[in-house]
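Breakdown of the fold
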Amino acid sequence: TKKLAAAHAEGRPTYSFEYFPPKTAQGVQNLYDRMDRMHSFGPAFIDVTWGAGGRMSHLTTEMVKVAQSAYGLETCMHLTCTDMEKEKIDNGLREAYQAGCTNILALRGDPPREKEKWEQTEGTAFRYARDLIKYIKSKYGSHFDIGVAGYPEGCDEETDADAHIPFLKEKIDAGGTFIVTQMSYDADIFIAWVKKCRDAGIPDSVPIIPGIMPIQTYDSFLRRATWTQCRIPPDWMKALEPVKGDDAAVREVGKGLVADFCRKLLDSGVTMHLHFYTMNLAASTQMVLEELAVTPATNSHDPSIKPLPWRQSLG
Ligand code: FAD
């Protein structure tokens, strides 16, 4: 967060990319190639997800090690509580520490695949993200910057976002230093929610980072939005419906919609950082970043429109 603050003090927005461990060895190689290419887009950091119950966690820690030491990327490792014994948590933290990683996103975790709702099982060390944060602090002091998840539109069966804010505050009080949110497409909802978080006592020094899912295909867009309970503004449906059968056209229209959402957030002053759920793909994220390189004016060929300062780092 210190590095982000330094960039933001100079008026430079920053961004980051999330990846997940692929299922096959070929998938891993492809992802490393893509991460290498996406490194040139200039992310402030990347993060790597943690499978429910520690599934594929060896790959998460390996990816963190490669990204951190081989690619020299600032890396954030996700770590979860669901069905995780203390030993697994200790191993994950030790590997992150040894890899030189200094950022952990501490989460409760998704329920294991087959289960709808997670109940704490015997042997599981922690029930809530808050408990994991306290544990990390007790073992590693201030070595790790600890991020936490926030939900502008609710989470689990509790769809009232306000009901989660006291628990979000608890996570910050326990030692969380930044918040990354569930994906969102409605700027008004996001901005109003950030204000509520601040009113609830979450200090301005704790960045609230919007999670942004670039649009790849119409079906995956709808599926993800439904799954995460995120509202799709009606004009988005109007713009995407007519081209839904044409993936390239969906990406093209989608990049404009998502970039517009990002601009609204940046202009509102609630955030200076954008976090992209890349789904391990480069194209849609790159398209949004390129679209953001111009001011809100529609004509990108207008010579009076200056690129955002951070665009220069994209080359
Ligand atoms: P918590 O903050 O622990 O909250 C869990 C639930 O309990 C919430 O409903 C909350 O309101 C409630 N609660 C919290 N504290 C209390 C309390 N003291 N008393 C009563 N109720 C309480 N999942 C993965 O498995 N792997 C990942 O890598 C991963 N990455 C994610 C990244 C981001 C940015 C986000 C937003 C989510 C991610 N998730 C991931 C999903 C996340 O783990 C789930 O959404 C999970 O259901 C909630 O996690 P949490 O950390 O917010 O949990």
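Please refer to the structure higher up on the page.
Description of the structure in this document.

Rules used throughout
- Think of each chain on its own: its residues are numbered from 1, step by step along the sequence as written.
- Totals for whole chains, interfaces and linings use every residue, but because this is a predicted model, local features are given only for residues with pLDDT of at least 70 and side-chain atom pairs only at 80 or more, for both listing and counting.
- With hydrogens and water excluded, all non-hydrogen atoms of the structure serve as input to the side-chain values.
- In DSSP terms, a helix is any run of H or I states spanning at least four residues, a strand is any run of E spanning at least two, and both are numbered starting from the N terminus.
- Exposure categories follow from relative accessible area, calculated using a 1.4 Å probe and restricted to protein chains: below 20% of the type maximum is buried, above 50% is exposed, and the middle band is partly exposed.
- Residue contacts follow a heavy-atom distance rule, with two residues in contact if any of their heavy atoms lie within 4.5 Å.
- Strand pairing is defined by DSSP finding a minimum of two bridges between the two strands.
- For helices, the axis comes from a line fit to the C-alpha atoms of the stretch in contact; other axes are also lines fit to C-alpha atoms, and the angle between any two N-to-C directions lies between 0 and 180 degrees.
- Classification of ring pairs uses Phe, Tyr and Trp, with its six-membered ring standing for Trp, and accepts pairs whose centres are within 6.5 Å; under 30 degrees between planes counts as stacked, over 60 as edge-to-face, and the remaining range as tilted.
- To be near a molecule or strand, a residue needs just one of its heavy atoms within 4 Å of it.
- In protein, a polar contact requires one atom able to donate a hydrogen and another able to accept it; more generally it is a pair of N or O atoms within 3.5 Å, and residues adjacent in sequence count only if both atoms are side-chain atoms.
- Per-residue and other accessible areas follow the Shrake-Rupley method at a 1.4 Å probe size, with only the shown protein chains counted as cover for residues.
- Residues were grouped as follows: Ala, Val, Leu, Ile, Met, Phe, Trp, Tyr, Cys and Pro as nonpolar; Asp, Glu, Lys and Arg as charged; and all remaining residues, including Gly, as polar.
- Here the positive residues are Lys and Arg and the negative ones are Asp and Glu; neither His nor the chain ends is included.
- What makes a salt bridge here is a side-chain nitrogen of Lys or Arg within 4 Å of a carboxyl oxygen of Asp or Glu, nothing more.

Turning our eyes to something else, we now look at the environment of Phe144. Turning to its location among the elements, Phe144 is positioned in the loop between helix H5 (129–140) and strand S5 (145–150). Classification of Phe144 as buried rests on a relative accessible area of 4%. In sequence terms Phe144 and Glu158 are 14 residues apart; their C-alpha atoms lie 30 Å from each other. Phe144 has contacts with Leu93, Ala96, Tyr97, Cys101, Thr102, Asn103, Ile104 and Ile136, leaving out every residue within four places of it along the chain.

In spatial order, the strands read S1-S2-S3-S4-S5-S6-S7-S8; together these eight strands close into a barrel with parallel pairing. Between one strand and the next, the sheet's axes are offset by a mean angle of 30°, whatever the strand orientation. In the sheet, S5 pairs with strand S6 (residues 178–183) via four bridges, with the strands oriented parallel. From the neighbouring strand, Val148 faces S6, where its bridge partner is Ile179. Sheet strands touched by helix H1 (residues 2–9): strand S1 (14–19), strand S2 (45–48), strand S7 (208–212) and strand S8 (273–277). Its angle to S1, the strand with the most contacts, is close to 145°. In the packing of helix H7 (residues 187–199) onto the sheet, the strands contacted are S5, S6 and S7, and the crossing angle to S7 comes to about 150°.

A word on the packing of aromatic side chains. Within this structure, the stated rule accounts for 10 aromatic pairs. On the numbers, 6.1 Å between centres and 35° between planes, the contact of Tyr15 with Phe17 is tilted. As far as the burial class goes, Tyr15 and Phe17 line up, both buried. For the pair Tyr97 and Tyr140, a centre-to-centre distance of 5.5 Å together with 45° between the ring planes defines the contact as tilted. Taken as a pair, Tyr97 in helix H4 (residues 86–98) and Tyr140 in helix H5 lie far apart in primary sequence, 43 residues in all. What makes Tyr97 partly exposed here is its relative accessible area of 42%. An aromatic cluster is built from Tyr15, Phe17, Phe41 and Phe276, whose rings are joined through pairwise contacts.

Quick look at the site of the ligand now. The environment of the ligand is made up of 24 residues, and the closest members are Trp50, Arg108, Tyr151, His164 and Lys171. Between Arg130 and the ligand, the recorded distance is 3.3 Å, taken from a side-chain N or O atom to a nitrogen atom. One of the side-chain nitrogen or oxygen atoms of His164 is found 2.6 Å away from an oxygen atom of the ligand. In the complex, the protein chains occlude 87% of the 970 Å² of accessible area that the ligand would expose alone. Secondary-structure elements contributing two or more residues to the shell around the ligand are strand S3 (75–80), strand S4 (103–107), H5, helix H6 (161–173) and S6. Looking at the shell around the ligand, the element that brings in the most residues is H6, giving four residues. When its residues are assigned to classes, the shell around the ligand shows 11 nonpolar, seven polar and six charged.

Let us look at the side chain of Lys171. Considering the arrangement of structural elements, one finds Lys171 in helix H6. Buried and without a salt bridge, Lys171 has Glu170 as its closest oppositely charged side chain, separated by 8.9 Å.

Moving on to the pattern of salt bridges. On inspection of all chains with the given rule, the structure shows 11 salt bridges. Its salt-bridge partner being Lys169, residue Asp173 comes within 3.0 Å of it at the nearest N-O pair. Separated by four residues within a single helix, Asp173 and Lys169 lie in helix H6, roughly one turn from each other. With a closest N to O distance of 3.8 Å, Glu291 and Lys255 form a salt bridge. Taken together, the positions of Glu291 in helix H11 (residues 283–291) and Lys255 in helix H10 (residues 247–268) put the pair 36 residues apart, joining distant regions of the chain. On the basis of relative accessibility, which here comes to 26%, the residue Glu291 falls in the partly exposed class.

What follows deals with the environment of His78. Along the chain, the position of His78 falls in strand S3. Take His78: its relative accessible area is 6%, and that puts it in the buried class. Each C-alpha atom, one on His78 and one on Gly147, is 8.8 Å from the other, the two residues being 69 residues apart in sequence. Excluding anything up to four places from it in sequence, His78 contacts Glu18, Asp47, Val48, Thr49, Trp50, Leu105 and Leu107. Polar side-chain contacts of His78 include one of 2.9 Å to the side chain of Asp47.

These figures capture arrangement, not role.
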